[in-house]
Amino acid sequence: KLQEKISLPEHYSIDLPYPNPFNPMVNMEFTIPAENHVKIIVYDLQGRVVDKLIDNTMQPGFYKVEWNAENFASGIYFMHLSSGEFVSTQKITLLK
């Protein structure tokens with residue numbers, strides 16, 4: 001009997017957002033090695049929160065999040081992921 005092995009990530013990782021620059025959609029892929037609370041927040045250059053993409057407990061796995069910036073002005077933004085001790089911030093540019 002063949003059993004499919006589903007591999008789970010062994011550590012946190014985050015890929016560079018793509019496309020970047022973008023208009024109006026940007027994607028970011030990330031992995032979580034253990035169940036944990038995950039937040040992905042988008043900030044503007046002044047450090048203000050402009051959008052919350054994820055703010056909940058997630059199971060280990062591979063994920064992709066998409067941000068639709070249709071209602072936001074052109075400029076530089078930051079996608080900030082935090083989960084447990086892991087923190088990562090990615091710079092993204094919205095060109096309209």
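Use the structure listed above.
Residues numbered from 1 in each chain as written. Predicted model: local features only at pLDDT ≥ 70, side-chain atom pairs only at ≥ 80, totals over all residues. Heavy atoms only, no water.

Caption draft 1: Representation of the sheet that holds strand β5 (residues 61-68) within the structure. A sheet is described by the order of its strands in space; here 3 strands give the open sequence β1-β2-β5, paired in antiparallel fashion. Bordering the open sheet on either side are β1 (13-14) and β5, each of which pairs with just one other strand. (Pairing = 2+ DSSP bridges. Helix = DSSP H or I, 4+ residues; strand = E, 2+ residues; numbered from the N terminus.)

Caption draft 2: Region of the structure containing the environment of Lys 96. With respect to the element layout, Lys 96 can be found in the segment after β7 (86-94). Looking at Lys 96, the relative accessible area reads 52%, which means it is exposed. Residues Lys 96 and Asn 23, spaced 73 residues apart in sequence, show a C-alpha to C-alpha distance of 6.0 Å. Ignoring anything within four residues of it in the chain, the contact list for Lys 96 reads Asn 23, Ala 69, Glu 70, Asn 71, Phe 72 and Ser 74. A distance of 2.6 Å separates a polar side-chain atom of Lys 96 from the backbone oxygen of Phe 72. (Buried < 20%, exposed > 50% of the residue type's maximum accessible area, 1.4 Å probe, protein only. Contact = heavy atoms within 4.5 Å. Polar contact = N/O pair within 3.5 Å; in protein donor to acceptor, adjacent residues only side chain to side chain.)

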